[in-house]
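Tertiary structure, described
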Number of protein chains: 2
Amino acid sequence: MSLIKVLNFKPLGDDRGDLVALEELVDIPFAMKRVYYVFRTERGVSRGFHAHKNLKQVAVCVTGSCDFLLDDGTTRETITLDSSTKGILIEGIVWREMHNFSDDCVLMVIASEHYDESDYIRNYDNFLKIANKN
Amino acid sequence: MSLIKVLNFKPLGDDRGDLVALEELVDIPFAMKRVYYVFRTERGVSRGFHAHKNLKQVAVCVTGSCDFLLDDGTTRETITLDSSTKGILIEGIVWREMHNFSDDCVLMVIASEHYDESDYIRNYDNFLKIANKN
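On a predicted model such as this, the values are computed, not experimentally measured, just so you know. (Residues numbered from 1 in each chain as written. Chains lettered and ligands numbered in written order. Predicted model: local features only at pLDDT ≥ 70, side-chain atom pairs only at ≥ 80, totals over all residues. Heavy atoms only, no water.)

Points about the side chain of D67(A)
All names here are of chain A. Relative to the elements of secondary structure, D67 occurs in strand 6 (residues 66-71). No salt bridge forms around the buried D67; measuring N to O, its nearest opposite-charge neighbour K86 is 8.7 Å away. In this structure the side chain of D67 is engaged in a polar contact, spanning 2.7 Å, whose partner is the side chain of T80. If near-sequence neighbours (up to four positions away) are discounted, D67 is found in contact with T78, I79, T80, E97, M98, H99 and N100. (Helix = DSSP H or I, 4+ residues; strand = E, 2+ residues; numbered from the N terminus. Buried < 20%, exposed > 50% of the residue type's maximum accessible area, 1.4 Å probe, protein only. Lys, Arg positive; Asp, Glu negative; His and termini not counted. Salt bridge = Lys/Arg side-chain N within 4 Å of Asp/Glu carboxyl O. Polar contact = N/O pair within 3.5 Å; in protein donor to acceptor, adjacent residues only side chain to side chain. Contact = heavy atoms within 4.5 Å.)

Details of the side chain of S112(B)
For S112(B), the position within the fold is in the loop between strand 10 (106-111) and strand 11 (120-121). Setting aside residues no more than four positions away along its own chain, S112(B) makes contact with F30(B), A31(B), K33(B), L55(B) and K56(B).

A word on the relation of the copies chain B and chain A
Its rotation angle being 180 degrees, the transformation that places chain B on chain A also includes 0.0 Å of axial translation and leaves an RMSD of 0.0 Å. Here the copies are linked by what is in effect a two-fold axis. Residues of chain B ranked by C-alpha distance from the rotation axis are headed by M32(B), positioned 3.3 Å from it. In this assembly the copies share their binding face: 100% of the residues contributing to the interface of chain B also contribute to that of chain A. (Least-squares fit on C-alpha atoms with pLDDT ≥ 70 in both.)

What about the nonpolar core?
In terms of nonpolar packing, the biggest core is built from 34 residues, with Y37(A), M108(A), I110(A), Y37(B), M108(B) and I110(B) touching the most fellow members. When residues of this core are traced back to their parent elements, those giving at least two are strand 2 (18-23), strand 3 (34-39), strand 5 (57-63) and strand 10 (106-111) of chain A together with strand 2 (18-23), strand 3 (34-39), strand 5 (57-63) and strand 10 of chain B. Discounting chain neighbours no more than four positions away, the residues touching I110(A) are L22(A), I28(A), F30(A), M32(A), R34(A), V35(A), K56(A), Q57(A), V58(A) and V35(B). (Core = buried A, V, L, I, M, F, W, Y, C linked by side-chain atoms within 4.5 Å.)

Digging into the interface of chain B and chain A
Tallying the contact residues gives 35 residues for chain B and 35 residues for chain A. With both chains or domains summed, chain B and chain A bury close to 3200 Å², and 55% of this area falls on carbon and sulfur atoms. Interface area lost by chain B to chain A is led by R16(B), D18(B) and Y37(B), which between them contribute 24%. At the junction of chain B with chain A, the criterion picks out four salt bridges. Of the charged contacts, one joins E23(A) and R34(B) as a salt bridge, the two residues approaching to 3.8 Å between their closest N and O atoms. In this structure, the connection of chain B to chain A is made through 18 residue pairs in polar contact (both at pLDDT 80 or more). Mapped by element, the contributors of at least two residues to the side of chain B that touches chain A are strand 2, strand 3, strand 5 and strand 10 of chain B. (Buried area = accessible area lost by both parts, 1.4 Å probe.)

Here's the deal with the pairing of strand 9 (residues 95-99) of chain B
Residue and element names in this part refer to chain B. With four of five residues buried, strand 9 is to be regarded as a mostly interior element. The sheet contact formed by strand 4 (residues 47-52) and strand 9 spans three bridges and is antiparallel. When the bridges of strand 9 are listed, H50 appears paired with R96. Pairing of strand 6 (residues 66-71) with strand 9, which is carried by five bridges, proceeds in the antiparallel orientation. (Pairing = 2+ DSSP bridges.)

In short, geometric facts, not functional conclusions.
Shown next as structure tokens:
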């Protein structure tokens, strides 16, 4: 099974333009508590470089593109997020990195919990120890 | 009091780029159940033209811009949404219309309920009757 869980969102566009709607516990497989968006990322910058203990997230580039790398401690896989209708579900002990942001990229992330610094694993060696215990 | 309730979101950017995080019951004054985004709106198209009986929404242009008109049955006001850190809260019996979408506009809306057609008031005369009862 691929490490990367792709979610294909239903486009609800018509002759006016495009629309994508994401409902908690329907399109998003958890109750949403937080939405954040990353934008105007400087050229050459990568982001992420952490895992979470409990957080679940869905990530989608609502415009532009970036590469999303996921790593479960054994396997590393990368997907290019480049469509408003293609998201990924990130759950479990998974290291993530985001690379190659396009100038126009707006990366939106829907999260299952409020921000909690104690849920982060920011050291890769610690991540490997925790990931390989599971 | 203005009909338009502006929410100024805290920018959490640093030297990597920009980030805005919206937490339910903190930055967003309700529990979020749905997020939708409107994009690639055709030139000259306006959207909306309805009110809601119970739904609460926060709208923000995460990129680009559009004009948001709100009408409570007595007063009509318009605001240009043109910043990733400026949203509006829409609640109560308010008619809304969106105009002048820029080509690059991505309008994100966070909603307090799942989609429910029975919550819509799509006829302006009906809206006026309901609004003016309140």
